[in-house]
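Chains, contacts and geometry: an overview
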Amino acid sequence: MTETQIPTPAPRDTVIQRVAADTDPQQIAGIVERDGGVILTKFFSDDQVRRFNSEIDPYLDELNPGSVDKVDLFEGFHGANTKRLTNVVTHSKTFREEMIQDERVLAIADAMLLPIADSYQMTAAQVIEIGPGNKPQPLHRDLENWPIFRELGPKTYNVTINFLTALTDFTEENGATRVIPGSSHWDDYENRGTPDETFPALLDAGDVLLIDGKVAHGGGENKTADEYRRAMAWSFTVGWLTSEEAHAFLVPLALVKTLPPKIQNILGFRSFHNASKQGGTLWQANYDDIAKFLGL
């Protein structure tokens, strides 16, 4: 992102900088490049949050908290009293027709990922509901899904971004996501920091915490007796990485046909191109775009 203007550092009392939802995408990209994250205030309306929550409520009700795999490592990461709902594209009309198609979202993703690849995908869209008593999540970097980037450290390309959307208010007591601003520039990515280095992302429902794949962060401890902190973590990666969720096998083709071509591409129903980077076409059929094979 050599053309991005990186702003001067944020004041110490606003460690996770807050900007308006309509801030210029290049300015947003610059803040994230500097700090690892930024809070976009009032990004989604109260009505959108209400409709989204009502659409996914029945699916969350069917889930049990905790990890399917009860190995301590995964249980600690997923949360013993945390519910995680995937395949949100299928479950929520509001998400697939409004949120994922929001021009501001796509402009930010374009600004941050198209310098690396000609197309990108949504690696995951996951509703995360942290329940009372849930312990803090281990600190981590999102690019650790692909371990080679952890080994490469801060000089590696930033291959993933995460639009963490608050679906309820985030408080320090109910498990607000905690971030270590600037940890994206640490020399050693095996160092994920310590809890006392973190700052809580205090959000109103509808705010977005946008983070890159390099910044250390984790879900906070829910210290309340009866309060649930709900969010949706939806992430984009460059098209040449395997995504976390297999959307191409989860989202019905009939539903995909109702979506614009760019969203079809984001969901893995069109091929990923790298011609401007002197790379090849990926995820294809008969040396042609997979969309033709699928009748899109």
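Residues numbered from 1 in each chain as written. Predicted model: local features only at pLDDT ≥ 70, side-chain atom pairs only at ≥ 80, totals over all residues. Heavy atoms only, no water.

What follows is about the overall build of the protein chain. Counting secondary structure elements, the protein chain contains 11 helices and 12 strands. Its C-alpha radius of gyration of 18 Å places the protein chain within 12% of the 19 Å reference for a compact globule of 296 residues. Reported as C-alpha extents along the three principal axes, the dimensions of the protein chain are approximately 55 × 45 × 40 Å. Counting every position in the protein chain, which comprises 296 residues, the buried fraction comes to 52%. (Helix = DSSP H or I, 4+ residues; strand = E, 2+ residues; numbered from the N terminus. Rg over C-alpha atoms; globule rule 2.2 N^0.38 Å. Buried < 20%, exposed > 50% of the residue type's maximum accessible area, 1.4 Å probe, protein only.)

A word on the sheet that holds strand β1 (residues 18–20). Reading across the sheet, the seven strands line up as β1-β2-β8-β5-β10-β4-β3 and stay open at both edges, with mixed pairing between neighbours. In the strand order of this sheet, the two ends are held by β1 and β3 (82–85), each with one partner. Between one strand axis and the next, the sheet turns by 25° as a mean value, whatever way the strands run. Summarising the sheet, β3 and strand β4 (residues 120–130) pair through four bridges and their orientation is antiparallel. In the sheet register, L85 faces β4, and the bridge partner there is V127. Here helix α1 (residues 25–35) sits on the sheet and contacts β1, β2 (37–41) and β8 (208–212); the angle it forms with β2, its principal contact strand, is near 140°. (Pairing = 2+ DSSP bridges. Axes fitted to C-alpha atoms, helices over the stretch in contact; angles between N-to-C directions. Contact = heavy atoms within 4.5 Å.)

The next thing to look at is the sheet that holds strand β9 (residues 217–218). The pairing of strands in a sheet happens through backbone hydrogen bonds and is either parallel or antiparallel. The three strands are arranged β7-β6-β9 in an open sheet whose pairing can be described as antiparallel. Edge positions in the open sheet fall to β7 (199–200) and β9, since each of these has one partner strand only. Two elements, strand β6 (residues 178–179) and β9, share two bridges in a ladder whose sense is antiparallel. Paired with R178 across the bridge in β9 is G218.

Here we take up the pattern of salt bridges. By the definition in use, this model includes 16 salt bridges. The salt bridge partner of K277 is D118, with a shortest N-O separation of 3.1 Å. Of the two residues, K277 sits in the loop between α10 (261–266) and β11 (284–285) while D118 sits in the loop between α6 (103–113) and β4, which places them 159 residues apart along the sequence. With a relative accessible area of 35%, K277 lands in the partly exposed category. Using a relative accessible area of 27% as the deciding quantity, one classes D118 as partly exposed. R192 is the partner of E144 in a salt bridge, and the nearest nitrogen-oxygen pair spans 2.8 Å. Of this pair, E144 sits in the loop between β4 and α7 (148–152) while R192 sits in the loop between β6 and β7; the two residues are 48 residues apart in sequence, bridging distant segments of the chain. You can call E144 buried: its relative accessible area is 16%. Judged by its relative accessible area of 23%, R192 is partly exposed. (Salt bridge = Lys/Arg side-chain N within 4 Å of Asp/Glu carboxyl O.)

The nonpolar side chains of a soluble globular protein tend to be buried, and buried together. By size, the foremost hydrophobic cluster in this structure holds 55 residues, and its most contacted members are F95, M122, L210, W234 and F236. Ignoring any residue separated from it by four or fewer positions in sequence, one finds F95 in contact with F52, V88, V89, I100, M122, A125, M232 and W234. Within the second largest apolar cluster, 16 residues are counted, among which are I39, I128, I130 and L209. (Core = buried A, V, L, I, M, F, W, Y, C linked by side-chain atoms within 4.5 Å.)

Once that is clear, we can look at the side chain of T160. Structurally, the position occupied by T160 is in strand β5 (residues 160–166). A distance of 3.0 Å separates a polar atom in the side chain of T160 from the backbone oxygen of F236. Those residues in contact with T160 that sit more than four places away from it in its chain are L113, D142, L143, W146, D212, G213, S235, F236 and T237. (Polar contact = N/O pair within 3.5 Å; in protein donor to acceptor, adjacent residues only side chain to side chain.)

With respect to burial, β8 is a largely interior element, five of its five residues being buried. Alternating residues of β8 divide into V208, L210 and D212 and L209 and I211, and every residue in both groups is buried. Here four bridges tie β2 to β8, and the two strands are oriented antiparallel to one another. Residue pairing across strands places V38 opposite L210, the latter belonging to β8. The sheet contact formed by β5 and β8 spans five bridges and is antiparallel. Following the sheet pairing, I161 is matched in β8 by D212.

Our next topic: unusual backbone geometry. Despite not being glycine, N87 has its phi angle at roughly 55°, a positive value. Relative to the assigned elements, N87 resides in the loop between β3 and α4 (88–91). For W283, which is not glycine, the phi dihedral falls at a positive 65°. In this fold, W283 is placed in the loop between α10 and β11. Residue classification places W283 among the partly exposed residues on the basis of a relative accessible area of 46%.

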